[in-house]
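Observations on the model geometry
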Amino acid sequence: MRITGISTHVVGTPWRNLTYVQVHTDEGITGVGETRMLGHTDALVGYLKEAEANHILGSDPFAVEDLFRRMKYGDYGRAGEIVMSGIAVVEMACWDIKGKALGVPVWQLLGGKVTDRVKAYANGWYTTERTPEAYHKAAQGVMERGYRALKIDPFGTGHFELDQRQTNYAVSLIEAVRDAIGPDAELMLEMHGRFSPSTAVRLARELAPFKPAWLEEPVPPENLKALRKVAEKVDIPVATGERIHDRIEFRELFEDQSVDVIQPDVGHIGGIWETRKLAATAETHYTLVAPHNVGGPVLTAASLQVGFTSPNFKILEHFNDFADAEIKKVVKGAPQVDPEDGCFHLSDAPGLGVELDTDAAAEFPQQQARFDLWAEGWEKRAPKGTGA
């Protein structure tokens with residue numbers, strides 16, 4: 001079997017563009033991959049056009065490792081977010097092809113299942129007024145849909161520091177959310193890498209009474225000593241990793257022992273196999289894995305293949321029941337959270353178990369999507385000028 005070409009489809013919404021790639025073969029089997037780029041969608045599409053000619057055409061889709069290495073190292077320049085994301089969408093599609101050809105789900109090819117369910121946590125649910133009352137109501141809605149966990153960034157446009165008035169308001173929002181979800185649900189606290197170590201520590205202590213499940217990206221991701229400073233002074237588990245695009249770069253995080261939960265994005269770190277390798281390394285350091293997942297149904301399905309096969313897989317992020325929920329219709333067989341237990345359940349469908357509906361995808365043309373953490377009202381995830 002050989003790859004005869006790829007086709008790229010960008011599904012646009014006001015705050016995110018999702019890039020789907022279909023990989024076609026001479027035996028008529030097509031696989032699909034997906035990633036979400038922030039402001040670099042056109043660059044990704046351009047890279048894929050070059051990579052198709054230089055590396056992908058004529059390749060054996062079963063030889064995933066060989067294709068990965070040629071795409072990563074064959075252009076000599078150091079691979080960053082764009083290249084690793086391009087590799088990821090092609091790599092996912094190759095696993096999809098392999099599973100379909102053999103008639104088995106991808107998780108079966110990764111060593112088989114260690115669990116038949118993966119817990120989900122909701123994100124994108126707080127697209128509402130930034131008040132305790134509105135957040136309380138929205139959080140109740142998440143619980144009513146069966147979720148047992150959710151994540152929130154309550155800090156507005158804070159940068160490095162947060163004054164006491166803004167801190168008190170953030171605390172009031174978290175207090176409302178915890179009241180809405182009860183004592184047993186997990187509440188993930190997102191900081192988006194925007195605070196100084198001292199501010200992150202102070203905020204963590206102010207919010208400790210509401211028992212956050214983790215403190216995510218408390219400081220900018222470039223300085224591991226700053227992260228260690230936070231980790232040494234808080235009792236809340238620390239999570240990070242979504243902006244690391246090479247598995248090898250996690251080495252220092254593991255050596256430093258400053259992180260309790262790693263959050264690789266399957267769509268940015270080279271795909272399913274790289275993430276599974278990373279999960280195995282994390283297991284040797286007694287570290288949990290909870291992938292960053294701001295994509296649509298295909299990226300969710302790809303992340304679940306890792307989840308079903310990794311003993312140290314904690315939970316999977318899920319936006320698609322809340323933010324831009326209508327994009328679920330572009331994929332047939334989209335993974336769904338079971339309202340009975342708040343989990344994704346194992347699927348025996350071959351490959352990734354999903355199919356891209358290109359006609360439905362065409363209804364969502366690419367947009368000038370923006371996600372600016374420093375813009376007032378960013379947490380509503382609404383584009384400028386919508387009035388939302």
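Residues numbered from 1 in each chain as written. Predicted model: local features only at pLDDT ≥ 70, side-chain atom pairs only at ≥ 80, totals over all residues. Heavy atoms only, no water.

**Examining the pairing of strand β3 (residues 30-37)**
Our working definition: Remark: exposure states derive from per-residue accessible area (1.4 Å probe, protein chains only) relative to the maximum for the residue type, with buried under 20%, exposed over 50%, and partly exposed in between. Helix and strand assignments come from DSSP, with helices taken as H or I runs of at least 4 residues and strands as E runs of at least 2, each series counted from the N terminus. Here the rule is simple: two strands pair whenever DSSP picks up at least two bridges between them.
For β3, the buried fraction is high: 7 of the 8 residues fall into the buried class. Sheet topology places strand β2 (residues 17-25) next to β3; 8 bridges connect them, and they run antiparallel. What sits directly across from L18, in β3, is R36. Once β2 ends, the chain turns through 4 residues before running back antiparallel as β3, passing G28 with a positive phi of about 80°.

**A closer look at the environment of D265**
Selection criterion: Only heavy atoms enter the contact rule, under which two residues are in contact if any of them lie within 4.5 Å. Polar contact is defined as a pair of N or O atoms within 3.5 Å, subject to the rule that within protein one atom must be able to donate a hydrogen and the other to accept it, and that residues adjacent in sequence are counted only when both atoms are side-chain atoms.
Turning to its location among the elements, D265 is positioned in the loop between β9 (261-262) and α10 (272-284). Here the alpha-carbon distance between D265 and G241, two residues 24 residues apart in the chain, equals 8.0 Å. Not counting residues up to four positions away in its chain, the partners in contact with D265 are E242, H292 and L299. At 2.8 Å, the side chain of D265 forms a polar contact with the backbone nitrogen of G267.

**What about the packing of aromatic side chains?**
Note the following rule: Working definition: rings of Phe, Tyr and Trp (its six-membered ring) pair if their centres are within 6.5 Å, and the pair is stacked with planes under 30 degrees apart, edge-to-face with planes over 60 apart, and tilted otherwise. Here, a charge over a ring means that NZ of Lys or CZ of Arg falls within 6 Å of the ring centre while also lying within 35 degrees of the ring normal.
All told, the structure shown has 9 aromatic pairs when counted by the stated rule. When the ring of W95 is compared with that of W273, the centres are 6.1 Å apart and the planes differ by 55°; the resulting orientation is tilted. Linking W95 in helix α3 (residues 81-102) with W273 in helix α10, this pair joins segments that are 178 residues apart in sequence. The interplanar angle of 65° and the centroid separation of 5.2 Å between the aromatic rings of W125 and Y126 together place this pair among those described as edge-to-face. Taking relative accessible area as the criterion, Y126 reaches 1% and is therefore assigned buried. Counting every residue linked through ring pairs, the aromatic cluster contains W125, Y126 and Y135. One Lys or Arg, R145, reaches over the ring of F322 and ends 5.3 Å from the middle of that ring.

**Here's the deal with the sheet that holds β3**
What counts here: Note on geometry: axes are C-alpha line fits, over the in-contact stretch for helices, and angles between N-to-C directions span 0 to 180 degrees.
The 3 strands are arranged β1-β2-β3 in an open sheet whose pairing can be described as antiparallel. Two strands in the sheet have a free side with no partner beyond their single neighbour: β1 (3-12) and β3. Taken over all neighbouring pairs, the strand axes of this sheet differ in orientation by 20° on average, direction set aside. Two strands pair when backbone bridges link them, and β1 and β2 are joined in this way by 9 bridges, in the antiparallel orientation. Residue pairing for β2: T8 is matched across the bridge by V21. Along the sheet, helix α1 (residues 41-56) makes contact with β1, β2 and β3, crossing β1 at roughly 175°. Sitting on the sheet, helix α11 (residues 297-309) is in contact with β2 and β3, with an inclination near 105° to β3.

**Considering helix α6 (residues 164-181)**
Going by this rule: To estimate the expected span of a helix, count its residues, drop one, and scale the result by 1.5 Å.
For α6, built from 18 residues, the straight-helix expectation of 26 Å at 1.5 Å per residue is met to within 8% by its first-to-last C-alpha distance of 26 Å. Along α6, the positions that sit buried rather than exposed are T167, A170, V171, L173, I174, A176, V177, R178, A180 and I181. As for α6, its buried residues are in contact with α5 (132-144), β5 (149-152), β6 (186-190) and α7 (197-207). N-capping of α6 is provided by D163, with a side-chain oxygen placed 3.2 Å from the backbone N of R165. Immediately beyond the C-terminal end of α6, within one or two residues, lies G182, with a positive phi of roughly 85°.

**As for the packing of α5 against α6**
Between two packed helices, what matters for the description is the angle formed by their axes and the separation of those axes. For the record, the criterion: By convention the crossing between two helices is left-handed if the near helix lies anticlockwise of the far one by an angle smaller than a right angle, and right-handed if it lies clockwise.
At their nearest, the axes of α5 and α6 sit 8 Å apart, and the two run at 35° to each other. When you trace α5 past α6, the crossing you get is right-handed. Each of P132, Y135, H136, A139, Q140 and M143 in α5 lies in contact with α6, whose residues at this interface are Y169, S172, L173, A176, V177, D179, A180 and I181.

**Structural notes on the confidence of the model for the protein**
Rules: As a per-residue measure, pLDDT reflects the predictor's confidence and takes values from 0 up to 100.
Scored by pLDDT, the protein has a mean of 95; 97% of the residues are at 70 or more. Ignoring residues within four places in sequence, the model shows residues 383-388, a span with pLDDT below 50, making 3 contacts including any to other chains.

**What about the UniProt feature "domain: Mandelate racemase/muconate lactonizing enzyme C-terminal" (unreviewed entry) in the protein?**
What counts, and what does not: UniProt positions are given in the numbering used here, feature names are shortened, and annotations may be inferred rather than shown by experiment.
When the UniProt feature table is mapped onto this chain numbering, "domain: Mandelate racemase/muconate lactonizing enzyme C-terminal" (unreviewed entry) sits at residues 132-237. Between the end C-alpha atoms of residues 132-237 the distance is 25 Å, and the span holds 47% helix and 11% strand.

**Regarding the pairing of β6**
For clarity, the cut-off: Orient the strands so they point away from the viewer, and a crossover whose first-strand-to-second-strand path over the helix runs clockwise is right-handed.
A large share of β6 lies buried, amounting to 5 of its 5 residues. Side chains E186, M188 and E190 of β6 all project onto a buried face; the interleaved residues L187 and L189 project onto the opposite face, where all are buried too. The sheet contact formed by β5 and β6 spans 4 bridges and is parallel. Bridging across to β6, I152 finds its partner in L189. Assessed by its sense of winding, the connection that carries the chain from β5 through α6 to β6 is right-handed. Here 3 bridges tie β6 to strand β7 (residues 214-216), and the two strands are oriented parallel to one another. Along β7, the bridge assignment pairs L189 with L215.

**Brief notes about the nonpolar core**
Basically, it comes down to this: Nonpolar core, defined: a set of buried Ala, Val, Leu, Ile, Met, Phe, Trp, Tyr and Cys residues in which side-chain atoms within 4.5 Å join the residues together.
Counting 110 residues, the largest nonpolar core has W125, L150 and I272 as the members making the most contacts within it. Ranked by the residues each element gives to this core, the list is headed by α3, at 11 residues. Residues in contact with I272, not counting those within four places in the same chain, are E91, M92, W95, V106, L110, V266, A302, V306 and L352.

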